[in-house]
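Here are the chains, one letter per residue:
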Amino acid sequence: MTGAELDRREVLGALFPDPARYLMVAGLAGSARDAAALTGEADYLFAFGGAMGGAVPMGLGMALAAPDRPVAVITGDGELLMNAGALASVASAMPENLSIVCIDNGRHGETGGQLGHTARRTDLAKLAEGAGLPSAMTAADGAGLAAAADFLQNAPGPRLVCVRVRPGPPADYRRSWDPAECRLRFRRAFRETAGG
Amino acid sequence: MARPEPADWSRRLFDLLVEAGVTLFAYVPDAGNRALIDLAEAGNDTRAVLLASEQEGIALAAGADLAGARAVVCMQSSGVGNCPNMLSLVSGGRFPLLAIVTMRGDYGEMNPWQYPMGRAVGPVLEAMGVLSFRVDEPGDLEAAARAAVDAAWRGGQGTALVLSQRFLGAKPF
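Residues numbered from 1 in each chain as written. Chains lettered and ligands numbered in written order. Predicted model: local features only at pLDDT ≥ 70, side-chain atom pairs only at ≥ 80, totals over all residues. Heavy atoms only, no water.

Some remarks on the overall build of chain B
Secondary structure summary: chain B contains 8 helices and 6 strands in total. Written out in order from the N terminus, the α and β elements of chain B read α-β-α-β-α-β-α-α-β-α-β-α-β-α. Oriented by its inertia axes, the alpha-carbon framework of chain B measures out at about 45 × 35 × 30 Å. Sequence-distant contacts, at least 24 apart, represent 75% of the contacts inside chain B between residues at least 6 apart. Looking at chain B as shown, the accessible area adds up to about 7200 Å², and 51% of this sits on carbon and sulfur atoms. Within chain B, the 19 negative side-chain charges are centred at a point lying 2 Å from the centre of the 14 positive side-chain charges. (Helix = DSSP H or I, 4+ residues; strand = E, 2+ residues; numbered from the N terminus. Contact = heavy atoms within 4.5 Å. Areas by Shrake-Rupley, 256 points an atom, 1.4 Å probe, with all protein chains shown as cover. Lys, Arg positive; Asp, Glu negative; His and termini not counted. Charge placed at Lys NZ, Arg CZ, Asp CG, Glu CD.)

In structure tokens, the structure reads:
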């Protein structure tokens, strides 16, 4: 993680200038808060608060169920690695409408900042590429972030962007902790926009 | 008891699930779900989705539910042991779930590795709030499958259709 200079709180705004285009899933902890801050905790965001490792496969299910809607998964390096095999499932299913953004701080920020695998030897973009995703890149500075925003629009899907960020707090946003409430509001919003 | 032919019972179960609106069949391969997955691969309106681990299927089914579709998750009994924490999503979020569990480690099992998880399937599902609908006799299949479908998508419950080795037959070694 040496050299990571980006502040995680500035990442999603740069990558998603128009977040309402997407159906969104956020992995637990910091990613959920960053995604909630990005969208004002919009109806089209389902943010985990547990069930670590579920964000990518939930995004896969959403992308297969709604192939005409862009789907974005926003998660962290620890959450992604807990179910790294899901990247292979994504590659086999090949949903072109699925984008995965990993905010990689190389740490388990929620539990005290303990170093994770990506602070040691693991490279998530290479992992995604090896799993078979057609497009994967790493962004580690402002220029990389601008390139990543373009990549999310134009690279063949499914695609993964790993954004290396410096250690630091996520957005200060109090999101809902009730998954049943989040489910109902997401489904209602999806129904209202289906076909539109 | 005449054992049902996999091609026959899988077809009856597949048709029932399609009629219930299921389009996605997420699975980890098992001898017991082979014919069902072949039907899902071949179906015009269905899709089989290969998973690396069964727990992915729990989250995948929830994602499909959010986007207005119905998915089932097909796994061997050993795969139930990979799912408990992900099932937090189902009981906490009140997501409908239909898992189709093909048993090992019960009636007639010869592999000692299969027994611990075979015994634990019921307690694990119960502990995570998932209702089990068990099929031992061929004549039970449709009623149990309908009950599980209704509990999942009308009742909003996490459910498992558990196909026992009395129903499937034990794997010969």
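There's more to say after this.
Describing the nonpolar core
Membership of the largest hydrophobic core comes to 69 residues, with the highest contact counts inside it found for Phe46(A), Phe48(A), Met58(A) and Met62(A). Dropping the residues within four chain positions of it, Phe46(A) is found in contact with Met24(A), Val25(A), Ala26(A), Met58(A), Pro179(A), Cys182(A), Arg183(A), Phe186(A), Leu66(B), Leu89(B) and Phe95(B). By size, the runner-up hydrophobic cluster in this structure holds 32 residues, among which are Trp9(B), Val135(B), Ala148(B) and Trp153(B). (Core = buried A, V, L, I, M, F, W, Y, C linked by side-chain atoms within 4.5 Å. Buried < 20%, exposed > 50% of the residue type's maximum accessible area, 1.4 Å probe, protein only.)

Brief notes about the interface of chain A and chain B
Opposite the 25 residues of chain A that make contact, chain B presents 27 residues. Both faces considered, chain A and chain B share a buried interface measuring about 2100 Å² in area, 66% of it formed by carbon and sulfur atoms. Counting the surface chain A buries against chain B, the share from its top three residues, Ala51(A), Leu64(A) and Arg183(A), is 23%. Put simply, chain A and chain B have 2 salt bridges between them. We note a salt bridge from Arg183(A) to Asp65(B), for which the minimum N-O separation is 2.6 Å. (Buried area = accessible area lost by both parts, 1.4 Å probe. Salt bridge = Lys/Arg side-chain N within 4 Å of Asp/Glu carboxyl O.)

Description of the sheet that holds strand β4 (residues 98–104) of chain A
All names here are of chain A. Read across the open sheet, the 6 strands follow the order β2-β1-β3-β4-β8-β7; overall the sheet is parallel. With one partner strand each, in any of the chains shown, β2 (45–47) and β7 (135–139) form the two edges of the open sheet. Ignoring which end each strand starts from, the neighbouring axes of this sheet average 15 degrees apart. Sheet topology places β4 next to strand β8 (residues 159–164); 6 bridges connect them, and they run parallel. Following the sheet pairing, Ile103 is matched in β8 by Val163. In the packing of helix α2 (residues 30–39) onto the sheet, contacts are made with β1 (23–26), β2, β3 (71–76) and β4, and the angle to β1 comes to roughly 150 degrees. (Pairing = 2+ DSSP bridges. Axes fitted to C-alpha atoms, helices over the stretch in contact; angles between N-to-C directions.)

Description of the pairing of strand β6 (residues 158–163) of chain B
Residues and elements named next belong to chain B. A large share of β6 lies buried, amounting to 6 of its 6 residues. Taken together, the 5 bridges between strand β5 (residues 131–135) and β6 define a ladder with parallel strand orientation. By the bridge assignment, Ser132 is partnered in β6 with Ala160. Regarding the hand of the β-α-β motif, the stretch spanning β5, helix α7 (residues 141–153) and β6 is right-handed. (Right-handed = clockwise from strand over helix to strand, strands pointing away.)

Quick word on the pairing of strand β4 (residues 97–102) of chain B
All names here are of chain B. Most of β4 sits inside the fold, with 6 of its 6 residues counted as buried. Side chains of β4 alternate between two faces, with Leu97, Ala99 and Val101 and Leu98, Ile100 and Thr102 buried alike. Looking at chain direction, strand β3 (residues 70–76) and β4 are connected through 4 bridges and run parallel. Bridge pairing links Cys74 to Ile100 in β4. Bridge count for β4 against β6 is 6 bridges, and the pairing is parallel. Bridged to Thr102 within β6 is Leu163.

Side note on the environment of Ser91(B)
Residues and elements named next belong to chain B. Its location among the elements puts Ser91 in helix α5 (residues 88–93). For Ser91, a relative accessible area of 42% translates into the label partly exposed. C-alpha of Ser91 to C-alpha of Arg146: the two residues are 55 residues apart in sequence and 21 Å apart in space.

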